[in-house]
Amino acid sequence: MTCVSDTNEKPTFHAVGGGDILSQDIKFLKGVGPARASVLRDEAGVSSFRDLLYFFPYKYIDRSVVYTISQLQENMPYVQLKGHILDFATEGEGRKKRLKAVFTDGTGYVELIWFAGIKYVEKTLKVNQTYLLLGKPSSYNGRFSFPHPELETVTAGESQNRGLQSTYHITDKMKRSGFTSKTIRELVARVFDVAKDR
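Cut-offs applied
Residues numbered from 1 in each chain as written. Predicted model: local features only at pLDDT ≥ 70, side-chain atom pairs only at ≥ 80, totals over all residues. Heavy atoms only, no water. Helix = DSSP H or I, 4+ residues; strand = E, 2+ residues; numbered from the N terminus. Buried < 20%, exposed > 50% of the residue type's maximum accessible area, 1.4 Å probe, protein only. Contact = heavy atoms within 4.5 Å. Areas by Shrake-Rupley, 256 points an atom, 1.4 Å probe, with all protein chains shown as cover. Phe/Tyr/Trp six-rings, centres within 6.5 Å; stacked < 30°, edge-to-face > 60°. Lys NZ or Arg CZ within 6 Å of the ring centre and 35° of its normal. Salt bridge = Lys/Arg side-chain N within 4 Å of Asp/Glu carboxyl O. Pairing = 2+ DSSP bridges. Axes fitted to C-alpha atoms, helices over the stretch in contact; angles between N-to-C directions.

Undergrad: I'd like to hear about the overall build of the protein chain, residue by residue, with values.
TA: Helix and strand content of the protein chain: 5 helices and 11 strands. Here the protein chain, with 198 residues, has 39% of them falling under the buried criterion. In the protein chain, the proportion of contacts linking residues at least 24 apart, taken out of those at least 6 apart, comes to 55%. Total accessible area on the protein chain is roughly 11,400 Å²; 49% of this is exposed by carbon and sulfur atoms.

Undergrad: Tell me about the packing of aromatic side chains, and name the residues and values.
TA: Scanning the entire structure with this criterion turns up 2 aromatic pairs. Between Tyr54 and Phe56, the ring centres sit 5.5 Å apart and the planes meet at 70°, which makes this aromatic pair edge-to-face. The ring of Phe179 is capped by Arg36, whose NZ or CZ atom sits 4.2 Å from the centre of that ring.

Undergrad: Got a sec to walk through the pattern of salt bridges? Specific residues and values, please.
TA: Taken as a whole, this structure holds 6 salt bridges when the rule is applied. A salt bridge links Arg98 to Glu91, with the shortest nitrogen-to-oxygen separation between them at 3.0 Å. Under the relative-accessibility criterion, Arg98 is labelled partly exposed at 26%. Among the ionic pairs, Glu91 bridges to Lys100, the shortest N-O distance being 3.3 Å. Classification of Glu91 as partly exposed rests on a relative accessible area of 31%. Salt bridges sharing common partners tie together Glu91, Arg98, Lys100 and Glu111.

Undergrad: Talk me through the sheet that holds strand S7 (residues 130-135); I want residue IDs and the actual numbers.
TA: In spatial order, the strands read S8-S9-S6-S5-S4-S7-S10; together these 7 strands make up an open sheet with mixed pairing. With one partner strand each, in any of the chains shown, strand S8 (138-140) and strand S10 (150-153) form the two edges of the open sheet. In this sheet, neighbouring strand axes are inclined to one another by 40° on average, regardless of whether the strands run parallel or antiparallel. By the bridge criterion, 4 bridges tie S7 to S10 in an arrangement that is antiparallel. Within S10, the residue paired with Leu134 across the bridge is Glu150.

Everything listed here is a matter of coordinates, which is why it stays silent on function.
What follows is the structure, encoded as structure tokens:
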């Protein structure tokens, strides 16, 4: 694989034998497919591998610190917690349906809430699995909750220091299709892997 670049143009990756890898339709990237590709096109203007690389994050979050639930305070920015989900419950019907979960780290309890992408959350998250949670805490009557948090599994001995991490604008329609900032980061990494291997 070779890269042809000009200071005023987007880089072009050519596979051996010709062809621009980054011009590939985004639906062909592992983890996307036709349905999710349509959402990316409509909501983020992403139609190709190249478009995804130019779908820039709007901010970076410091993920070098893991807090405990007992340390949470009002008006805190995005924070990380390490713990597990005790149970799930759904409330409401139709467009008002929401999924709630109780999350604990042994120092207290917080509520996790999803208003979109509920089927995806129910399929991927498990009770009693250890997760690293990232989200912005909201406080009401002294109780903390996290709307649409990001959760990723962690294993024993694995470092929880994620450093600075990119955060993307994710619309409600994207959330309903299972997209999060973490999903976008994984897809971007896959594009680089594909380009590197060609």
